[in-house]
Amino acid sequence: MIIMSMSVNILRLWVLAALLTMATVLSACGPGQPPERARPQGPPPADADVSRMPPGQQGGVFFGTLGGMPRTLNPLQAGEDASSAMALSRLLEGLTRFDSAREEVVPGLAKSWDVGADQKTFTFHLRRGVQWSDGHPFTADDVVFTFQAIYDDRYPNRQKSELSVNGKPFEVEKIDDYTVRFRTADIYAPFLLYVGTSIMPRHKLIQAFDDGSLMRAWSVRDAQFTPEKIVSTGPLILERFRPAERIVYAANPHYYRIDSAGQRLPYIDRFIERIVNGQQASTLAFAYGQSDYENVEVRNVGWVKRNAERHGFTVYDRGPSQSTNFIWFNQNPGSNARGEPYVEPYKLAWFKDSRFRQAISYGIDREGIVQGVLLGRGLPLWGPVSPANRSWYNPDVQRYPFDPQRARALLREAGFTWDAAGKLHDRDGHAVAFSLSTNEDNEVRQAIGLVFIENMKQLGIDVRLQPLDFNTFVGKVMSSFDYEAGLLGLTGSWDPQGGWSVYHSAGRLHMWSPGQKTPQTPWEARIDELMQLQLRTLDVEARRRYVFEVQDILAREQPLIYTVTVNSYEGLQNRWRNLDPPQMGTLVWNYDEMWAETLLLR
Amino acid sequence: MKALIIKRLLILIPMLLVVSLMVSLLMSLAPGDPVSQFEMMPDVDAEYLQRLRQEFGLDQPWYMQYFHWLGQVLPFSYHPDAASFWQRFDFRPNFGFSYYYRTEVWDLLVQRMPATILLSLTSLVLAWVIAIPLGVLAAIYKDSIFDRISQMLAYAALSIPEFFLALLALVFAAKTGWFPIGGFTSVEHDFLSPWGRFLDIAHHLLLPTIVLGIGGVAGVMRIMRANFLDNIRSEYVVTARAKGLAEGAVMFRHVFRNAINPLITAAGFAFSSILSGALLVEIVMNYPGIGQLVYNALLQQDAFVVQASVLMSVIMLMIGNLLADIALAMNDPRIRYD
Amino acid sequence: MIRVSVMTSSMFKELLRRPAGLTVFIVLVLFYLVAIFADFLSPYSVTDQDLQHTFHPPTALLWKDGGLHVQRYEMQSRDLSGYTPVVGEGSPLRFFAPGYEYHLLGLVPMSHHLITVDGPDRLYLLGSDQVGRDIYSRLLHGTRISLSIGLIGIAVSMCIGFIVGGLAGYFGGAFDNIAMRLTEFLMAIPGLYLLLALRGAFAESFTPTQMFFLIVFILSFIGWSGTARIIRGMTLSLRNRQFVMAAEVMGQSSWKILWKHVLPNVFSYLIVAATISIPGYILGEAALSFLGLGIQDPSVSWGLMLSQAQNPQVFMEGYWWFLVPGLAIFVTVISFNVLGDVLRDIIDPKQKFLRS
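Residues numbered from 1 in each chain as written. Chains lettered and ligands numbered in written order. Predicted model: local features only at pLDDT ≥ 70, side-chain atom pairs only at ≥ 80, totals over all residues. Heavy atoms only, no water.

With respect to the domain arrangement of chain C
Residues and elements named next belong to chain C.
No. 1: Domain annotation of chain C identifies domain 1 (2-36 + 139-355) and domain 2 (53-127).
No. 2: Each of domain 1 and domain 2 has a C-alpha centre, and these two points are 38 Å apart.
No. 3: The interface is formed by 10 residues belonging to domain 1 together with 10 residues belonging to domain 2.
No. 4: Carbon and sulfur atoms supply 72% of the area buried between domain 1 and domain 2, which totals about 770 Å² over both sides.
No. 5: Summed over the shared surface of domain 1 and domain 2, the result is zero salt bridges.
No. 6: Here domain 1 and domain 2 share zero residue pairs in polar contact (both at pLDDT 80 or more) between them.
No. 7: Elements represented by at least two residues in the side of domain 1 that touches domain 2 include exactly α4 (135-171), α11 (312-317) and α12 (319-347). (Domains from an automatic or database assignment. Contact = heavy atoms within 4.5 Å. Buried area = accessible area lost by both parts, 1.4 Å probe. Salt bridge = Lys/Arg side-chain N within 4 Å of Asp/Glu carboxyl O. Polar contact = N/O pair within 3.5 Å; in protein donor to acceptor, adjacent residues only side chain to side chain. Helix = DSSP H or I, 4+ residues; strand = E, 2+ residues; numbered from the N terminus.)

Here is the structure:
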């Protein structure tokens, strides 16, 4: 009997559970939108920046996704990973800004600047009337404080090296409350770009600076429990931070940009960023209309597009991205602690022969990789700068289209022969074989490696793919040099100086033989010279000439055999207006000027 | 009983020392260090990397790092300069510092724990609420169609890899749109009414709970069925029936109470896996819990985060076993610990 | 040892007498045959790519000119469903014809395959992956990893478990104490954490074979403690039995006693314990590979195939690719689970030592 009544109870429980399920499912169908945010409309700053875009209407929420958990909002550390840097960039502005659409440096917190006759003195005139989000005035003291903190030995940070010339920091001097003068030790080409580093609020951080705890300020814990302490000059302020879940930003009522109708930017009331772990959940969420914006990986473009009409978004083909993928051979001539050479001497001889490297380059079916691996959504790459970078891309470098005949001819010329089974041998009879190391966590790169193996088979070369844990890979490539060939991708930066550590023979990322005391080869010496020349002129045309020659030499010598660049695809809900798509970088770079035609996402 | 509790707690100390030493050793064996991830960034200079390593003490041998960490680990800390008397005591356990997040490890654990504990509890409740009655019914109606089908389903549930089921659930959520795709709360959560927040969390919990709970349902059901069968056949049941007791009373008062004993031990074990049991499901379903944190910490070699979560799990296991033993003694007066 | 073989053969007979036992036995034998003859059964090698046919859906077969043909497809777009069949066109299938070369059982060089295609079209029974490799062929080869990892792993951990457990139970005292604390300690750390930490510690570069053995080693390292505790318990009870005491009085060495008297008595339990824990190894390898920490491309295992299917594109559209390795793992694990239970019912019907 009791058993019977028990099973009746279970039945009741089931019904209850089912009802509860229904209720929750239903509740999800009509999600609430965040309440509108009343914005105090005080007079805009005297030197407000006026947007070029036509005026829009205020209100609405932008739902974005962040592909990783920001680890800190500390301005000195946030630059270390993309998610933190992204989160901080919404809050803090610099003296200058980079206009992605026009590819030029434009005024930010500074309204203008004068360049001295020596080309080493820059006088910045700050905007008057700009306030931090807590109402505190923004002045030259904040600028001086920021650079003081960056150069302070107690606080190691990543920005310092870019903000120094020959290891010497800029001299920063306050002339008056709204004028700051910078002096550089030598002419420094990317000065205006790099000086746009985030300016920190002196009134909030000076205490931490003085007592030595600046590195622990503005941690994730602060963001979670005391978001109001994190003040901003940017379009947004931090409203709520839920670690590993989302960041809620609200419009900054004190932002210094306005539109032509005199309304304060940004138009949006809120910006909510969902923090996801990895790409797949965020792509799914976008494809089913649960977020406004998504960077869609090439392989997902097809099916995501098919949801576009139903969920009211568009997937934009943004052309080639700045990502590069390359294969290189270890040309390090040294030997390890046990006195063994890093690379077998006979193999080193192949790797050092430019004809061998060129032959390999001709042997790679880049078009095949683009078609097969990237589903046609990419471009063959011939040099370190992707065509996305209009300003610095040299279109006339030597190209290596897929041509096994040409590859064979070059190998023959370099003294290689084929045996009866079609295997390649060098002059001394060594079979040509090498291992290709790469990091295992990148799928596209592994697929490129797999195609490369098959391509090399056609030339009679045996390649063994060795996927490695990222740290192991780094250890081999950067310190133990215990590898033969590597496959890696780097994302280029807009300014050519960003490639210094790759191009310069003393650079840390001069992959094939890093950190050389004196350049090994004449062409590496020439690259060093050109990199120095481009750094020491403010004349953009002259810089371009030098940088183009660097690209020429790299393409000719093929120390890094570039393979493909992946196209970039971005999805955006159709409700957004005032888009200003740049050639390079994200579509929503000007989210402060964007406004929503309909306030509801779903 | 007191002696038992004290003895167990005393054993815990050497256990934690050995476990933490081993975790330190293992973490140090892995190639690279937490700074390695910056090596491939073109605009980071070598001097900065050097500075970071010094700052973190990564230039010292692993056992020195371990002793340094051991010196920090305290159940609470004392700040003599604090303004008021009570502020001098900080009762947050100190598990060291996270290299990756540059913050206290304990803060990170506290951020993630509610989501994981909630998920583990709901899936446990799901497992027990469904499995115990099913197991009892299967035992009573042994070899019936119901018994056979439930046995087969139990086999199936035990054999599906958890991560595969999680993937299936994700596809289901995306294709139907009935459930959120991962996460613990929705983006509008902060702006909902309290009831709305409750429903929101319930909505997010449903799929992960089912994925994580299915294995538990099958396991508990099989144990329950086997125990119940054992007890039905035993002598005291025959005696009770002979005495003319009602069948329901026999089943519930005698068989059920005895059959539940091994499940108490199982519950203790389940308690121990509250923090660590959901790792795969959390990763696949993008659920922001401890498992995700630990997995990322392992990849990033954030040693003290791994250390802390392993230690937490060991403590949970010991406490779980202890609680099970105590509960067992309370349910069954024959069991005594001396 | 004679007793052991008699016991196992009677156990085996009993197993075949039960319908559930017979069914899973047949299934497992089939799986092992597939593993052994994977090369013969698959039309392509695991590394054979075709960049013109990436993400191809399963190909249809058609009957033409008195023979089976594989359907020809034309590519419309590079997206998953971008292939459309060309009506009436195809390439003939050949049976037992030569294809790529391989070594049967790792010894006999051969080149004949069950099915090959004669012509430009490719046979994708289960579709193709991101570089145009045949998923069916990769699935068959993946069988080898999943089916052998359990057996090898279990052999290793059973040996360690028997030796440690047997000695601990037999000698008792300090050795027993240390061994049991050690097992408790291994069991206290969450298995998956330990697995990941061990894998991280040995993240150096490995060849596929070395990687396989590393995974086996790691899984066995975690797995032996349970066995050791069971064996210890049984040895403890055997120790006071007359025949062991008699052997001791006769001055036999402890090793000999363990080998001659203890092992035969616990052997059947060992077998059942082994069978019950095999799924743990299979799932362990699958989980590791799924997380990208196990078997790596271009080698293949089911877990790796599942992890490659994690991309939303695959599971939104190429469900065949995504479901198949999962199902394979499922069937294998369920078979071993059932086998283990049936064997336990035979050996230990009261479940004195072995519990699920």
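Next, the rest of the story.
So, empty space enclosed by the protein
Once rolled over the atoms, a probe with the size of a water molecule shows which space is left empty.
No. 1: Evaluation of the coordinates by the stated rule reveals 11 cavities of 30 Å³ or more.
No. 2: In this structure, the second largest cavity encloses a volume near 190 Å³.
No. 3: The wall of the second largest cavity is formed by 15 residues, among which Asp469 of chain A, Leu298 and Leu299 of chain B together with Leu196 and Gly200 of chain C lie closest to the centre.
No. 4: Elements that contribute at least two residues to the lining of the second largest cavity include exactly α1 (2-29) and α12 (290-300) of chain B together with α6 (191-201) of chain C.
No. 5: A per-element tally of the lining of the second largest cavity places α6 of chain C first, with five residues.
No. 6: Residues belonging to the lining of the second largest cavity are distributed by class as follows: 11 nonpolar, two polar and two charged. (1 Å grid on protein atoms, 1.4 Å probe; cavity = no way out; pocket = protein on both sides within 12 Å on 5 of 7 lines; lining within 4 Å. Points joined across faces, edges and corners; volume = space filled by probe spheres on them. Nonpolar A, V, L, I, M, F, W, Y, C, P; charged D, E, K, R; others polar.)

Observations concerning the interface of chain A and chain C
No. 1: Opposite the 31 residues of chain A that make contact, chain C presents 29 residues.
No. 2: Of the roughly 2600 Å² buried between chain A and chain C on both sides combined, carbon and sulfur atoms contribute 51%.
No. 3: When the area that chain A buries against chain C is broken down by residue, the three leading residues are Gln280, Arg299 and Leu450 of chain A, summing to 22%.
No. 4: At the boundary of chain A and chain C, one finds zero salt bridges.
No. 5: Our count for the chain A to chain C interface comes out at one residue pair in polar contact (both at pLDDT 80 or more).

Considering the side chain of arginine 222 of chain B
No. 1: Within the secondary structure layout, arginine 222 of chain B lies in helix α7 (residues 194-232).
No. 2: A polar side-chain atom of arginine 222 of chain B sits 2.8 Å from a polar atom in the side chain of aspartate 341 of chain C.

Section: the sheet that holds strand β11 (residues 236-242) of chain A
All names here are of chain A.
No. 1: On the basis of which strands lie adjacent, the open sheet formed by four strands has the order β2-β14-β12-β11 and mixed pairing. Unpaired on one side and paired on the other, β2 (61-66) and β11 mark the two borders of the sheet. Strand after strand, the sheet turns through a mean of 20° between neighbouring axes, direction not considered.
No. 2: With six bridges joining them, β2 and strand β14 (residues 270-275) adopt parallel strand pairing. (Pairing = 2+ DSSP bridges. Axes fitted to C-alpha atoms, helices over the stretch in contact; angles between N-to-C directions.)

Overview of the interface of chain A and chain B
No. 1: Between chain A and chain B, the residue contacts involve 69 residues of the former and 64 residues of the latter.
No. 2: When the two sides are added together, the surface that chain A and chain B hide from each other amounts to roughly 6000 Å², 60% of it contributed by carbon and sulfur.
No. 3: Of all residues in chain A, Arg71, Arg158 and Arg508 of chain A give up the largest surface area on contact with chain B, accounting jointly for 12% of the area buried on that side.
No. 4: Between the two partners, chain A and chain B, sit six salt bridges.
No. 5: Close ionic contact of arginine 508 of chain A with glutamate 39 of chain B constitutes a salt bridge, the shortest N to O distance being 3.6 Å.
No. 6: In this assembly, chain A and chain B are joined by 14 residue pairs in polar contact (both at pLDDT 80 or more).
No. 7: Among the elements that line the side of chain A that touches chain B, the one with the most residues is helix α1 (residues 2-29) of chain A, at 12 residues.
No. 8: When the residues that make up the side of chain A that touches chain B are grouped by side-chain class, the tally is 34 nonpolar, 16 polar and 19 charged.

Some points on the packing of aromatic side chains
No. 1: Within this structure, the stated rule accounts for 60 aromatic pairs over all chains.
No. 2: When the centroid spacing of 5.3 Å and the interplanar angle of 70° are considered together, the rings of phenylalanine 271 of chain A and tyrosine 591 of chain A count as edge-to-face. In this pair, phenylalanine 271 of chain A sits in strand β14 while tyrosine 591 of chain A sits in the loop between β26 (576-577) and β27 (595-596), placing the two residues 320 residues apart along the sequence. Across the pair, tyrosine 591 of chain A and phenylalanine 271 of chain A agree in class, each one buried.
No. 3: Members of the aromatic cluster, connected to one another through ring pairs, are Trp113, Phe122, Phe124, Phe147, Tyr151, Phe170, Phe182, Tyr188, Phe191 and Tyr194 of chain A.
No. 4: Above the face of the tyrosine 100 of chain B ring, arginine 71 of chain A is positioned so that its terminal group lies 3.7 Å from the ring centre.
No. 5: The ring of tryptophan 392 of chain A is capped by arginine 544 of chain A, whose NZ or CZ atom sits 5.6 Å from the centre of that ring. (Phe/Tyr/Trp six-rings, centres within 6.5 Å; stacked < 30°, edge-to-face > 60°. Buried < 20%, exposed > 50% of the residue type's maximum accessible area, 1.4 Å probe, protein only. Lys NZ or Arg CZ within 6 Å of the ring centre and 35° of its normal.)

Quick look at the pairing of strand β23 (residues 485-491) of chain A
Residues and elements named next belong to chain A.
No. 1: Most of β23 is tucked away, with six of its seven residues classed as buried.
No. 2: Relative to β23, strand β17 (residues 323-329) runs antiparallel, the two sharing seven bridges. Residue pairing across strands places serine 323 opposite threonine 491, the latter belonging to β23.
No. 3: Where strand β21 (residues 433-439) meets β23, three bridges bridge the pair, whose relative direction is parallel. Residue pairing for β23: threonine 438 is matched across the bridge by leucine 487.

Some points on the domain arrangement of chain B
Residues and elements named next belong to chain B.
No. 1: Annotation of chain B at the domain level lists domain 1 (20-98) and domain 2 (108-331).
No. 2: The C-alpha centroid of domain 2 is placed 35 Å from the C-alpha centroid of domain 1.
No. 3: Taken together, the contact between domain 1 and domain 2 spans 15 residues of the former and 15 residues of the latter.
No. 4: Each partner contributes to the roughly 1300 Å² buried at the junction of domain 1 and domain 2, and carbon and sulfur atoms together form 68% of this total.
No. 5: Together, Met27, Trp69 and Phe95 form the three largest contributors to the area buried by domain 1 at its contact with domain 2, with a combined 46%.
No. 6: Our count for the domain 1 to domain 2 interface comes out at zero salt bridges.
No. 7: The tally of links from domain 1 across to domain 2 stands at four residue pairs in polar contact (both at pLDDT 80 or more).
No. 8: Put simply, the parts of the chain that give the side of domain 1 that touches domain 2 at least two residues each are α1, α3 (62-72) and β3 (97-98).
No. 9: In terms of residue class, the side of domain 1 that touches domain 2 is built from nine nonpolar, five polar and one charged.

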